[in-house]
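What follows is each chain in one-letter form.
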Amino acid sequence: MRPAGALSLAGALSLAGVLVGDSRAQPAGTPLSLDLGRTVPPGGDALSHGRGPDCWEVRKRNSSEWCRFVRSNPDCRLDGGFLDYLEGVFCVFPPRLLPLAVTLYALWLLYLFIILGVTAEKFFCPNLSAISTNLKLSHNVAVFSLMFPLHGVTFLAFGNGAPDVFSAVVAFSDPRTAGLAIGAIFGAGVFVTTVVAGGIALVKPFTAASRPFLRDVIFYMVAVFLTFMILYFGRITLGEALGYLGLYVFYVFTVVLCTWIHRRQRGDGLAPPAPWEPEMPTDAEEQESSGTNSGDYGEEYQPLLPSRETSLRILTAALSPLDYRKWRRKPWYWRLFKVFKVPVELVLLLTVPVVDPDKDDLNWKRPLNCLHVLTSPLLCVLTLKSGAYGLYQIQGIFPVWGLVTLVGSFLAIITFITTSNEEPPKYHCVFAFLGFLASAMWINAAATELVNILRTLGIIFQLSNTVLGLTLLAWGNSIGDTFSDLTMARQGYPRMAFSACFGGIIFNILVGVGLGCLLQMTSSQLVVKLEPDSLLVWILAGALGLSLVFSFVSVPAQCFQLGKAYGVCLILYYLAFLCVALLTEFRVIHLSAV
């Protein structure tokens with residue numbers, strides 16, 4: 001797992017605010033209302049919300065009326081995104097081909113998760129790492145040993161949790177999809193703290209680090225309790241939204257303080273951990289042996305003597321997302337997955353620069369980086385607000401994307417003339433910020449499409465946003481962490497993987513809810529109403545809290561020695577929760593008073 005780089009949290013929050021923008025206009029002084037269950041509860045009046053028939057009503061009508069209903073109903077309009085999935089499934093495809101449309105949408109949904117994962121892992125996180133290095137956060141070794149936990153719980157967490165947070169922010173931006181955000185954040189929390197943590201204990205029984213575990217579980221329980229109270233009162237104020245972000249800052253401070261106290265008690269000068277190691281075990285009572293970082297797989301094939309290459313050859317090699325030596329020795333399923341990833345990686349290579357401080361040349365590819373001077377800004381203006389800004393006509397004559405193309409081409413030519421292939425320029429660090437911005441725009445665009453297609457599937461199958469969030473969105477955003485944590489456990493580092501389960505999701509819930517609601521507030525709207533009109537929301541919140549209490553009690557009771565019995569209990573707990581959630585969604589379990 002690549003470490004994320006360093007960027008101020010305020011800067012990251014400001015960037016997310018620019019990327020997502022404001023919510024739909026509301027009357028001044030009226031709290032913004034976010035529905036966390038169905039837009040209209042089953043059996044409710046379709047006109048009860050005063051905005052015409054709800055889009056969920058489309059499946060109750062005759063198939064010949066689907067297209068007209070979708071096109072004429074304001075509630076069926078998807079905010080943001082490049083594709084109108086509702087019109088596609090109900091107007092482009094005839095009713096008899098609805099299963100084909102759903103199949104294509106499901107495949108596109110899986111591919112969106114691949115886009116999110118590839119962008120975060122290979123472009124977003126490395127550029128954050130480069131920004132950390134360029135800001136000189138680790139040049140002093142004495143300071144670095146204390147600052148590395150800060151790096152891990154802020155920038156590493158921001159890099160690894162980018163898809164989750166961006167998805168939550170996008171979902172919160174529309175009252176009709178807010179349930180996706182709550183479902184995904186809570187659903188991912190239940191999944192990671194039960195299935196992933198239990199899987200680690202099954203793969204390799206181990207002794208957990210006591211102090212990091214207790215610290216992370218306590219903070220996470222506090223975050224879950226605060227969210228439960230906000231749902232109970234049905235609103236979140238500006239102070240409460242800022243309190244979420246402030247609690248995460250306090251968590252970061254606590255991690256750094258615990259690390260400093262622990263090292264003072266040990267009385268030895270510990271060397272800083274390897275760059276790829278997660279933060280969580282740094283203040284553990286017993287340090288695990290650290291492995292060596294193999295680096296990029298292509299480095300072993302570098303020639304012994306450097307040779308001068310032409311710009312065309314450098315560009316061709318830099319744009320190749322496939323290493324043929326690695327391809328030959330990998331199994332068939334890896335090759336199959338790589339085939340699907342290659343188009344995404346190629347487009348990202350064309351539009352997102354990557355600065356790698358671990359390489360001698362800092363990953364400077366002169367022809368490709370000069371091309372990035374043009375393509376990265378062009379990408380940003382064409383993806384911001386789904387291209388609305390890029391297509392805007394200046395004085396009604398010249399489009400913004402045309403101006404960006406002219407300015408970018410001029411700067412690219414100047415950069416190419418004033419630099420060489422062998423040595424990166426002094427301003428090469430600027431490409432890290434440019435790559436960070438471009439990769440963030442890709443993540444935001446993919447997250448917007450993801451939320452829109454999930455809402456479409458919910459309308460097709462008559463499912464609430466909450467159940468879609470706790471299943472599809474939570475599973476998709478957690479699958480990368482699942483594989484990386486289980487792989488880390490199999491390689492002999494179960495404590496690192498287990499600590500990451502509880503430490504990483506703290507960032508997701510505190511920043512996801514706090515930032516998501518904060519961006520919906522304006523100077524005239526300092527309150528966001530949350531309307532959990534479904535029993536499923538309370539089951540989800542209760543299940544997450546109960547799983548945390550179970551681990552908080554059972555892990556110390558076992559003297560922090562976690563074996564297969566603990567793992568089996570967690571996985572059975574998740575299966576039971578999933579059954580109850582689905583039975584509640586289909587109203588087999590219901591309360592008449594709710």
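Computed from a predicted model, the values in this text were never measured in an experiment.

Asks: Sorry, what's going on with a nonpolar patch on the surface here?
Replies: Where nonpolar side chains cluster on the molecular surface, the patch consists of Y392, I394, I397, F398, L403, L406, V407, F410, L411 and I414 and spans about 980 Å² of accessible area. Element by element, the count of residues in the nonpolar patch is highest for helix α14 (residues 400-418), at 6 residues.

Asks: Whenever I open this one, the nonpolar core confuses me. Can you help?
Replies: Nonpolar side chains in soluble globular proteins generally cluster together in the buried interior. Core analysis: the largest hydrophobic core is formed by 141 residues, its most contacted members being F90, F186, I236, F498 and I509. Ranked by residue count, the leading element in this core is helix α4 (residues 98-134), at 17 residues.

Asks: Hey, could you run me through the environment of V513 in this one?
Replies: Inspection of the secondary structure puts V513 in helix α17 (residues 494-518). The contact partners of V513, leaving out residues within four places of it in the chain, are F172, I185, Y244 and N508.

Asks: In this structure, what is going on with the state of the cysteines? I would like to understand it.
Replies: What makes a disulfide is a covalent bond joining the sulfur atoms belonging to two cysteines. For the structure on display, the rule yields 2 disulfides. Residue pairing for C67: its cysteine sulfur links by disulfide to C91, the two sulfurs lying 2.2 Å apart. Since a negative S-S torsion denotes a left-handed disulfide, the C67-C91 link at about 105° is right-handed. Taken together, the positions of C67 in helix α2 (residues 66-72) and C91 in helix α3 (residues 85-92) put the pair 24 residues apart, joining distant regions of the chain. Among the cysteines of the protein chain that take part in disulfides, numbered as they appear in the sequence, the pairing is 1-3, 2-4.

Asks: What is the right way to look at the environment of E57 in this model?
Replies: Inspection of the secondary structure puts E57 in the loop between β1 (32-35) and α2. With relative accessibility at 17%, the residue E57 sits in the buried group. For the pair E57 and Q462, spaced 405 residues apart in the sequence, the C-alpha separation amounts to 9.1 Å.

Asks: Would you take a moment to explain the side chain of T119 for this structure?
Replies: Structurally, the position occupied by T119 is in helix α4. T119 sits in the buried class, given a relative accessible area of 0%. In this view, T119 contacts F124, L348, S439, W442 and I443; residues no more than four positions away in its chain are not counted.

Asks: Just to check I follow, could you spell out the pattern of salt bridges for this structure?
Replies: Oppositely charged side chains can pair when the atoms bearing their charge come close. Counted according to the given criterion, the structure contains 9 salt bridges. Of the charged contacts, one joins E345 and K122 as a salt bridge, the two residues approaching to 2.8 Å between their closest N and O atoms. In this pair, E345 sits in helix α12 (residues 332-351) while K122 sits in helix α4, placing the two residues 223 residues apart along the sequence. For E345, a relative accessible area of 3% corresponds to the buried category. Taking the shortest distance from any N to any O, the salt bridge between K338 and E345 comes out at 3.0 Å. Comparing K338 with E345 shows no difference in burial state: the two are buried. Bridged by salt links that share partners, the residues K122, K338 and E345 form one connected network.

Asks: Is there a simple way to think about helix α8 (residues 210-233) in this case?
Replies: Residues spaced three or four apart along an α-helix point in a common direction, a consequence of the helix completing one turn every 3.6 residues. In this model, α8 (24 residues) spans 35 Å end to end at C-alpha, consistent with the 34 Å of a helix rising 1.5 Å per residue. Just beyond α8, the residue with positive phi is G234, at close to 80°.

Asks: Can you walk me through unusual backbone geometry in this structure?
Replies: Among all residues save glycine, negative phi is the norm, and among peptide bonds the norm is trans. A positive phi angle is found at L362, which is not glycine, with a value near 60°. On the accessibility criterion, L362 (28% relative accessible area) is partly exposed. You will see that Q462, though not glycine, has its phi angle at about 60°, which is positive. Checked against the element boundaries, Q462 lands in the loop between α15 (429-461) and α16 (465-490).

Asks: Where do I start with the packing of α16 against helix α19 (residues 564-585) in this structure?
Replies: The axes of two packed helices give the description: the angle between them and the distance between them. Remark: α16 packs on α19, axes separated minimally by 10 Å, with the N-to-C direction vectors making an angle of 135°. In terms of orientation, α16 and α19 fall into the oblique class. Contacts from V467, L470, T471 and W475 of α16 reach α19 at Y574, F577, L578, A581, L582 and E585. Along the lines of polarity and charge, the residues of the contact of α16 with α19 split into 8 nonpolar, 1 polar and 1 charged.

Rules of the game
Residues numbered from 1 in each chain as written. Predicted model: local features only at pLDDT ≥ 70, side-chain atom pairs only at ≥ 80, totals over all residues. Heavy atoms only, no water. Patch = residues over 30% accessible without salt bridge, like charges linked within 9 Å, V, L, I, M, F, W, Y side chains within 5 Å. Areas by Shrake-Rupley, 256 points an atom, 1.4 Å probe, with all protein chains shown as cover. Salt bridge = Lys/Arg side-chain N within 4 Å of Asp/Glu carboxyl O. Helix = DSSP H or I, 4+ residues; strand = E, 2+ residues; numbered from the N terminus. Core = buried A, V, L, I, M, F, W, Y, C linked by side-chain atoms within 4.5 Å. Buried < 20%, exposed > 50% of the residue type's maximum accessible area, 1.4 Å probe, protein only. Contact = heavy atoms within 4.5 Å. Disulfide = S-S within 2.5 Å. Expected span 1.5 Å × (residues − 1). Axes fitted to C-alpha atoms, helices over the stretch in contact; angles between N-to-C directions. Parallel < 35°, antiparallel > 145°, perpendicular 65-115°, else oblique. Nonpolar A, V, L, I, M, F, W, Y, C, P; charged D, E, K, R; others polar.

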